[in-house]
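# Observations on chain architecture
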Amino acid sequence: MKIQNKIAIIFTVLSASIILALSVFVYIFGSESIAASFFHRLEVRSDIIGHAVLEENESRKPIYYDIKERHLGDLPFEKHRILLSLNDAGVKKKLPLPQVFYDELARTKEARYFEKDTTYVGRYITSGKRKVIMISSAVDLYGLAEMDNLKNLLVTGFFISLVFVFTFGKLFSTQIFKPIQRIVRNVKGINARNLHQRLIVDDSGDDIQDLARTFNDMLDRLEVTFEIQNNFVSNASHEFKTPLTVISGEAEIGLSTPGLSDNARQSFENIYRESEKLEHLTSSMLSLAQTGFDGKKEEWGALRVDELILSVKEAADKIIPDNKVSINFENLPEEEQKLVINGNKVLLKAAFSNIVLNSCKYSDNRPVQVSISHDKTYVIVEVADQGIGIPDREIGQIFVPFFRASNTERYKGYGIGLPLAHNIIRMHQGKAEVWSKVGEGTRFKTYLPFCYKGL
Ligand code: ADP
């Protein structure tokens, strides 16, 4: 999940919890204050009725009722019951009041109870020596409707605010992450071939600009290191190239000398073959160095993978004349465009030559099958041999420079061919997979994205 979405969700959950807690508080507080005020209103009425009941002077009784009627009015479903004592089972039976209500009434001379929308109050009313126990009830229709309204308002408000909070949270986090996204986009565009590019740094002085500046500093250091390494490889390869050409040329001249003894011929052939191999190695290194990273020396363009593989086979024929490399074209894509990739021919040739020559070498020249196929995105080149294989626990290391598997003592090598090939494939936005079993063989599957994107 993207960090912006995470922030928006956390922001929403946090706000939702706060709004929910606040809504519950408002609801409870509101309902309690409405209930308290209704209890009070009912108690006042209960008092008046109680005093009316206790009034000895019959002519004054209507005054109480009149005051209640005129100044207070009736509550909905208002009812008053008179208990002569708390043991008045007849009245108690008709009321749904629990024993705790009567206990409270006995203890504090007043009690309150609420059940099924009905409010009950109980009170001891005394006048002189006379006393009466009043139990009054009424339904707070108005208060209940108000509470219902409040509930609906809070629930609707809660959901509406959720939508607002999420939307604003998203906008807010997107806004905050905009500079980071820009950095990510820029960084994605920087690779070994355009290491001179830098991130844009404005002078806002915030942390993100600090990050961009730090990254630029790192790129400066990387560029210098790359340059030193590149120049070294480039110079060294150049220096090797001339003597090697001379050696192989001399070996060729030697081979054409008439009356050569078998031993001498064998030696000249060995010199010729080994110098060809070394030339191949140095030219791989040189071509890698030549691609550079400043974007000036590279020769990238559209190229066909089948043609590339044919040229690899030609190179292999030169280095190992009796190789048994065969190319399987049966699974070629129907649309030719799916064979065309954007790449550097010299580099890719070096990469595939390394893989194919390894297969010949580590299978003691047994048959090597190269097949070209495709999937939705990639042209797939598979090189399969029947060689010595790679021990299971070492497969993960074969792309590490200078690594050689433990079963290769019999074979000459330096451990740089595969890392080189791997780098080249990655430079082309491709990937490589290896399957291998000791004693059975090895399969290298290389995926390179084709340019064709369909109609
Ligand atoms: P090397 O010069 O040793 O061949 P590479 O970089 O080309 O160096 O290969 C690295 C290691 O990967 C080899 O030393 C070998 O152990 C293993 N390897 C590569 N290709 C094969 C193969 N086709 N069969 C078996 N092992 C292989």
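Structural data are supplied above this passage.
Figured I'd write up the structure that's included with this text. As the structure is a computational prediction, the values presented were derived from the model and not from experiment.

## Observations concerning the overall build of the protein chain
A tally of regular secondary structure across the protein chain gives 10 helices and 11 strands. What you see for the protein chain is a C-alpha radius of gyration of 47 Å, clearly larger than the 23 Å of a compact globule of 455 residues, by over 25%. Judged by the C-alpha coordinates and their principal axes, the protein chain covers about 160 × 55 × 45 Å. By the burial criterion, 39% of the 455 residues in the protein chain qualify as buried. For the protein chain, the proportion of contacts with a sequence separation of at least 24, taken over those separated by at least 6, is 65%. When the accessible surface of the protein chain is split by element, carbon and sulfur atoms take 58% of a total near 26,900 Å².

## Here we look at a negative patch on the surface
Judged by side-chain charge, Asp202, Asp203, Asp206 and Asp207 come together as a negatively charged surface patch. By relative accessible area, Asp202 is classed as partly exposed at 34%.

## Notes on the pattern of salt bridges
This model, assessed by the stated rule, comprises 22 salt bridges. A salt bridge links Arg198 to Asp220, with the nearest nitrogen and oxygen atoms 2.7 Å apart. You can see Arg198 sitting in the loop between α5 (141–188) and α6 (207–255) and its partner Asp220 sitting in helix α6, a full 22 residues away along the chain. We classify Arg198 as partly exposed; its relative accessible area is 27%. For Arg410, the salt bridge goes to Asp364, with nearest N and O atoms at 3.3 Å. Here Asp364 lies in the loop between α9 (345–361) and β8 (368–374) and Arg410 lies in the loop between β9 (378–384) and α10 (417–427), a separation of 46 residues in the sequence. A residue is classified by how much of its surface remains accessible, and Arg410, at 62% relative accessible area, is exposed. Three or more residues are tied together by salt bridges with common partners; here these are Glu43, Asp47, Glu110, Arg112 and Arg123.

## Considerations on the sheet that holds strand β11 (residues 441–449)
The strand order across the open sheet formed by 5 strands is β6-β8-β9-β11-β10, and the pairing between neighbours is mixed. The open sheet is flanked by β6 (325–328) and β10 (431–437), the only strands paired with a single partner. Each strand of the sheet is rotated relative to its neighbour by a mean of 15°, with strand direction disregarded. Pairing between β8 and β9: 6 bridges, direction antiparallel. Its bridge partner lying in β9, Val370 is registered against Val383. Contacts between α10 and the sheet are confined to β10 and β11, with β11 contributing the most and set at about 25° to the helix.

The rules behind the values
- Residues numbered from 1 in each chain as written.
- Predicted model: local features only at pLDDT ≥ 70, side-chain atom pairs only at ≥ 80, totals over all residues.
- Heavy atoms only, no water.
- Helix = DSSP H or I, 4+ residues; strand = E, 2+ residues; numbered from the N terminus.
- Rg over C-alpha atoms; globule rule 2.2 N^0.38 Å.
- Buried < 20%, exposed > 50% of the residue type's maximum accessible area, 1.4 Å probe, protein only.
- Contact = heavy atoms within 4.5 Å.
- Areas by Shrake-Rupley, 256 points an atom, 1.4 Å probe, with all protein chains shown as cover.
- Patch = residues over 30% accessible without salt bridge, like charges linked within 9 Å, V, L, I, M, F, W, Y side chains within 5 Å.
- Salt bridge = Lys/Arg side-chain N within 4 Å of Asp/Glu carboxyl O.
- Lys, Arg positive; Asp, Glu negative; His and termini not counted.
- Charge placed at Lys NZ, Arg CZ, Asp CG, Glu CD.
- Pairing = 2+ DSSP bridges.
- Axes fitted to C-alpha atoms, helices over the stretch in contact; angles between N-to-C directions.

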